[in-house]
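# Structural features, examined
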Amino acid sequence: MERTKCLILGGGPAGFTAAIYASRANLSPILYEGIQPGGQLTTTTIVENFPGFPGGVDANTLMESMRAQAKSFGADVRQGTATAVDLGKRPFKVTIDAETVIEAETLIVATGAQANYLGLPSEEKYKGGGVSACATCDGFFYRKRTVAVVGGGDTACEEALYLASLAKKVYMIVRRDVFRASKAMQEKVFATPNIEVLWNCIAQEVLGDGMAVTGARLLRKDGTVFDIQIDGFFLGIGHTPASALFAPWLTLDGNGYIVTEGKSAATSVPGVFAAGDVQDSRYRQAITAAASGCMAAQDAEKYLIAQQNN
Ligand code: NDP
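Structure report, in brief. Per chain, residue numbering runs from 1 following the sequence as it is written. Only residues with pLDDT of at least 70 are given local features in this predicted model, and only at 80 or more are side-chain atom pairs given and counted; all residues enter the totals for whole chains, interfaces and linings. Only hydrogens and water are set aside; all other atoms, that is, all heavy atoms of the structure, feed into the side-chain values.

### Quick notes on the overall build of the chain
Short version of the rule: Where helices and strands are cited, they refer to DSSP runs of H or I of at least four residues and of E of at least two residues respectively, numbered from the N terminus. Taken over C-alpha atoms, the radius of gyration is set against a globule rule of 2.2 Å times the number of residues to the power 0.38. Partly exposed residues are those whose accessible area sits between 20% and 50% of the maximum for their type, while under 20% is buried and over 50% is exposed, using a 1.4 Å probe and protein chains only. Note on contacts: a residue pair is in contact if any heavy atoms of the two residues lie within 4.5 Å. Computed by Shrake-Rupley with a 1.4 Å probe, the accessible areas treat only the displayed protein chains as cover when residues are assessed. In summary, the charge assignment counts Lys and Arg as positive and Asp and Glu as negative, without counting His or the chain termini. The atoms used to mark charge sites are NZ of Lys, CZ of Arg, CG of Asp and CD of Glu.
Across its full length, the chain carries seven helices and 19 strands. In terms of overall size, the chain behaves like a compact globule, its C-alpha atoms giving a radius of gyration of 21 Å where 310 residues would be expected to give roughly 19 Å. Its C-alpha atoms put the chain at 70 × 40 × 35 Å along the principal axes. When each of the 310 residues of the chain is scored for burial, the buried share is 50%. Of all intrachain contacts in the chain linking residues separated by at least 6 positions in sequence, the fraction that spans at least 24 positions is 59%. Of the roughly 14800 Å² of accessible surface on the chain, a fraction of 50% belongs to carbon and sulfur atoms. Across the chain, the centroid of the 28 positively charged side chains sits 3 Å from that of the 31 negatively charged ones.

Encoded structure:
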């Protein structure tokens, strides 16, 4: 059975930064990228707020650079997803793709978070037929067409702005009479003529012709039900951390985020550390994820040194 000093799960900014630091600390880390290599950032286009890139940086390019930097220090970056974990005793056992078991002296969980859906049967039915949680992945298909984005946070606004640059018209379906998004983002939305915000509305049903989305049925707070004609239905209603695998072992908060101790990446199991969006319900930025990956690697290194000295 293969054994490593440091196993990192997750190929986003947190995982790769952990790999850079762990490699430089001679931990010879193995990193498994998971379902979405490059992490959630690869579902966006230009990242304008990552320091060091005054003109912004393409998200995929940024992630490829992080991956290359981790590899340049010797990190063993692999494709694969953890399907089972045993954190009962050290070395921890992590099963990859239900077949390979790796023994790890320390584990860094940087598995990120995934987009939420409303949970409507019709939404499920039209996934891949006009329902999407990634405007930058699927927006291309809606050139000069009409789409809707559900949500009022930064993600929804960013999706709406991106789609507005392609589509003829973008509806935003917002359940309250205010946005949750930052002021800067709101101002951009209000300044975009082909975005119409439908306040106080929830989507009751995605309408379609059996193959593709043709509309949505909305319920306004005053009780009015009405339909809009759309070709695409995009979700921007937040995220769920990818922590289910760890729930039997690690302490999670009420929303499923892994709880870390104070100013550290330590979880409730000594030797297991968490970094990035899987433990951060608040900031959820590439730069904060990267920073917490650095913390996790340093904590893992210190943990191993302390174990040797015991
Ligand atoms: P948020 O939790 O900030 O916003 C979620 C939005 O979806 C809210 O408007 C919420 O409504 C709405 N919503 C949630 N559930 C439902 C539902 N079932 N039906 C209808 N509406 C629903 O998530 P985001 O993904 O937008 O942002 C997460 C974090 O990432 C934030 O900190 C944000 O600032 C950050 N971010 C930053 C970006 C940037 O700086 N470029 C880009 C994207 C995200 P309500 O307000 O009523 O709860």
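### Some remarks on the site of the ligand
Heads up, the condition is: Any residue with a heavy atom lying within 4 Å of a molecule or strand is counted as near it. We define a polar contact as two N or O atoms separated by no more than 3.5 Å, with the added condition that, inside protein, one atom must be a possible hydrogen donor and the other a possible acceptor, whereas residues neighbouring each other in sequence contribute only through side-chain atom pairs. As a working rule, the residues Ala, Val, Leu, Ile, Met, Phe, Trp, Tyr, Cys and Pro are called nonpolar, Asp, Glu, Lys and Arg charged, and the rest polar, with Gly in that last group.
As a matter of local geometry, the ligand sits amid 19 residues, with Gly152, Asp154, Thr155, Arg176 and Arg180 nearest to it. The side chain of arginine 175 places a nitrogen or oxygen atom 3.0 Å from an oxygen atom of the ligand. The contact in question runs from an oxygen atom of the ligand to an N or O atom on the side chain of arginine 176, over 2.7 Å. Protein burial of the ligand: of its 910 Å² of free accessible surface, 76% is covered by the chains. Residue contributions to the shell around the ligand peak at three residues, all from helix α5 (residues 154–164). For the shell around the ligand, the class distribution of residues is three nonpolar, nine polar and seven charged.

### Concerning the pairing of strand β6 (residues 82–86)
The two faces of the sheet receive side chains in turn, since in a regular strand these alternate between them. Short version of the rule: Should DSSP find at least two bridges between two strands, the strands are taken to pair.
One ladder, built from four bridges, connects β6 with strand β7 (residues 92–96); its direction is antiparallel. Directly across from alanine 82, in β7, lies its bridge partner isoleucine 96. Once β6 ends, the chain turns through five residues before running back antiparallel as β7.

### Let's talk about the packing of aromatic side chains
What counts is decided by this rule: The aromatic pairing rule takes the rings of Phe, Tyr and Trp, using the six-membered ring of Trp, and pairs them if the centres are within 6.5 Å, calling planes under 30 degrees apart stacked, those over 60 edge-to-face and the rest tilted.
Within this structure, the stated rule accounts for seven aromatic pairs. Ring centres of phenylalanine 179 and phenylalanine 190 lie 5.6 Å apart, and the angle between their planes is 40°; on these two criteria the pair is classed as tilted. One end of the pair, phenylalanine 179, is in the loop between β12 (169–173) and α6 (183–190); the other, phenylalanine 190, is in helix α6, and 11 residues separate them in sequence. With relative accessibility at 8%, the residue phenylalanine 179 sits in the buried group.

### Observations regarding the pairing of strand β13 (residues 195–198)
Stated precisely, the cut-off is as follows: Whether a crossover is right-handed comes down to one check: with the strands pointing away from the viewer, does the path from the first strand over the helix to the second run clockwise; if it does, it is right-handed.
Of the strand pairs in this sheet, β12 and β13 are connected by four bridges, and their pairing is parallel. Of the residues in β13, the one forming a bridge with methionine 172 is valine 197. You can see the chain leave β12, run along α6 and come back into β13, and the turn it takes is right-handed.

### Some thoughts on α6
Condition: The arc in question is the one traced by the directions running from the helix axis out to the C-beta atoms.
Every buried residue of α6 is accounted for by Met185, Gln186 and Val189. Buried residues along α6 cover an arc of 100° about the axis, so they all sit on one side. Along α6, the residues that are exposed and aim more than 90 degrees away from the buried face are Lys183, Ala184 and Glu187.

### Comments concerning the side chain of aspartate 280
Operational definition: Each salt bridge in this description consists of a side-chain nitrogen of Lys or Arg and a carboxyl oxygen of Asp or Glu lying within 4 Å of one another.
Residue placement: aspartate 280 occurs in the loop between β19 (272–274) and α7 (286–309). As a buried residue without a salt bridge, aspartate 280 has its nearest oppositely charged side chain in arginine 284, at a separation of 6.0 Å. Among the polar contacts listed, one links the side chain of aspartate 280 to the backbone nitrogen of arginine 284, at a separation of 2.8 Å. With sequence-adjacent residues up to four places away left out, aspartate 280 is seen in contact with Tyr257 and Thr288.

### A word on the sheet that holds strand β14 (residues 201–208)
Threshold: Only the stretch in contact is used when a helix axis is fitted, and all axes are lines through C-alpha atoms; the angle between N-to-C directions ranges over 0 to 180 degrees.
Pairing is antiparallel across the open sheet formed by three strands, whose spatial order is β14-β15-β16. At either margin of the open sheet sits one strand with a lone partner, and together these are β14 and β16 (225–229). Adjacent strand axes in the sheet meet at a mean angle of 25° when their direction is disregarded. Alignment of strand β15 (residues 213–220) against β16, held across five bridges, turns out to be antiparallel. If you follow glycine 215 over to β16, its bridge partner there is glutamine 229.

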